[in-house]
Amino acid sequence: MIGQEHDPLSQLVADIRSCRICEQHLPLGPRPILRVDPAASILLVGQAPGRRVHETGIPWNDPSGDRLRRWLGMDRDFFYNEKHVAIVPMGFCYPGSATRGDLPPRPECAATWHPRLFPMLNQVQLTLAIGQYAQAYFLPKSRSKSLTETVAAWRFHLESGVLPLPHPSPRNIKWFQDRPWFESEVMPAMRARVWEVFGAISEE
C-alpha cells in the first residue's frame, strides 16, 4: 500500500497482516492477504484466499483470478494497482479445504477488521461482492434467498453501488452454462460500469 508510513490505514493494514486471532483453526497457519490504498475507486470483496493464493501471497493469483480479470477487461498490472482496485476478502487467511472446494471464511475477520477498514476506503465508488459471504455482508437486507436470485437482481443492487457476482471459480462452469444471461447481460454491464468509474476519475 502506498502512503505515509504511519498513517491510520497503513497501521491498520499492518495490524491485519500480523493478526493471529484464529491461528488454531488454520491448517497452513495465518497469512492475512489484502491489498488496499486510500485512492482505490473499486473495492473487490471475495471469500477467502485459496491454497495457491496462500502460497504466493498474491490475491486472485489463480485460475479464478484469471477469469475475473477477463470479466473486468483488466490486465494484471492494472488489476494489482492498489490505487485502482482494493482487494479485501471476507476472510483474510486460507481456511482449509472441504469435500467440495474450500471451507467458509473464518468469521473473526469480518467481525474484527472490516468495520474499521472499509470506512477508510472512502474513495470507493463501486463494490464487487463476489459470492454469498460478501453479499450477506454488503446486502444484508436486500439480497435474495439464493445467490442466483441476488445476482439476477444486479440492476437493483447496482443502484446502491454494489454489484453481486458469482465466484469465477472453474468449479462454477455449470452455473455459467445454465445461466447464459450472466455472460450476455451482467458481464458487459459490469465492465461498462467499472470503466465508467475509472474514466470519471481520469477526467478529474
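One can find the structure itself at the top, above this paragraph.
Not measured: the values here are computed from a predicted model.

### Quick look at the overall build of the protein chain
Move 1: Check the secondary structure of the protein chain and you find eleven helices and four strands.
Move 2: For the protein chain, buried positions account for 46% of its 204 residues.
Move 3: For the protein chain, the share of sequence-separated contacts (at least 6 apart) that also reach a separation of at least 24 residues comes to 70%.
Move 4: Counting every atom, the protein chain has about 10,300 Å² of accessible surface; 50% of that belongs to carbon and sulfur.

### A short note on the environment of Leu28
Move 1: Take Leu28: it is sitting in the loop between helix H1 (8-17) and strand E1 (42-45).
Move 2: Exposure remark for Leu28: the relative accessible area of 35% places this residue in the partly exposed category.
Move 3: Taking the C-alpha atoms as reference points, Leu28 and Glu55, 27 residues apart in sequence, are found 9.3 Å from one another.
Move 4: Not counting residues up to four positions away in its chain, the partners in contact with Leu28 are Arg51, His54 and Tyr94.

### Section: the packing of aromatic side chains
Move 1: Overall, the coordinates contain 13 aromatic pairs when judged by the stated rule.
Move 2: Look at Trp175 and Trp181: their rings are 6.0 Å apart centre to centre, the planes differ by 70°, and that puts the pair in the edge-to-face class.
Move 3: Judged by its relative accessible area of 14%, Trp175 is buried.
Move 4: Overall, Trp181 belongs to the partly exposed group, its relative accessible area being 23%.
Move 5: A cation over an aromatic ring shows up here: Arg69 above the ring of Phe79, its NZ or CZ 5.0 Å from the ring centre.

### Thoughts on helix H3 (residues 63-72)
Move 1: Among the ten residues that make up H3, seven are buried, leaving the element largely enclosed by the rest of the structure.
Move 2: Restricting attention to buried positions, one finds in H3 the residues Ser64, Gly65, Arg67, Leu68, Arg69, Trp71 and Leu72.
Move 3: In the segment just after H3, Gly73 is the residue with positive phi, at about 70°.

### Notes on the pairing of strand E4 (residues 162-165)
Move 1: The alternating pattern of E4 places Val162 and Pro164 on one face and Leu163 and Leu165 on the opposite face, and all of these are buried.
Move 2: Here strand E3 (residues 126-130) runs beside E4; their pairing, made up of four bridges, is parallel. By the bridge assignment for E4, Leu128 is matched with Leu163.

### Some words on unusual backbone geometry
A negative phi angle is the norm for most residues apart from glycine, just as the trans form is the norm for most peptide bonds.
Move 1: The backbone of Trp60 shows a phi angle near 60°, a positive value even though the residue is not glycine.
Move 2: Look at Trp60 and you get buried, because its relative accessible area is 9%.

### Describing the sheet that holds E3
Move 1: A sheet is described by the order of its strands in space; here four strands give the open sequence E2-E1-E3-E4, paired in parallel fashion. Of all the strands in the sheet, just strand E2 (85-87) and E4 have a single pairing partner and so form its edges. The average undirected angle you get between the axes of adjacent strands in this sheet is 20°.

### Structural notes on the nonpolar core
Move 1: Leu72, Phe79 and Phe182 are the most contacted members of the largest nonpolar core, which totals 28 residues.
Move 2: Mapped by element, the contributors of at least two residues to this core are E1, H3, helix H4 (76-79), E2, E3, E4, helix H10 (173-178) and helix H11 (180-202).
Move 3: For this core, the element with the highest residue contribution is H11, accounting for seven residues.
Move 4: Non-local contacts of Phe182, meaning those with residues more than four positions away in its chain, are made with Trp71, Val151, Leu165, Pro166, Trp175, Phe176 and Met187.
Move 5: By size, the runner-up hydrophobic cluster in this structure holds 24 residues, among which are Leu12, Cys19, Cys109 and Ala129.

Calculation notes
Residues numbered from 1 in each chain as written. Predicted model: local features only at pLDDT ≥ 70, side-chain atom pairs only at ≥ 80, totals over all residues. Heavy atoms only, no water. Helix = DSSP H or I, 4+ residues; strand = E, 2+ residues; numbered from the N terminus. Buried < 20%, exposed > 50% of the residue type's maximum accessible area, 1.4 Å probe, protein only. Contact = heavy atoms within 4.5 Å. Areas by Shrake-Rupley, 256 points an atom, 1.4 Å probe, with all protein chains shown as cover. Phe/Tyr/Trp six-rings, centres within 6.5 Å; stacked < 30°, edge-to-face > 60°. Lys NZ or Arg CZ within 6 Å of the ring centre and 35° of its normal. Pairing = 2+ DSSP bridges. Axes fitted to C-alpha atoms, helices over the stretch in contact; angles between N-to-C directions. Core = buried A, V, L, I, M, F, W, Y, C linked by side-chain atoms within 4.5 Å.

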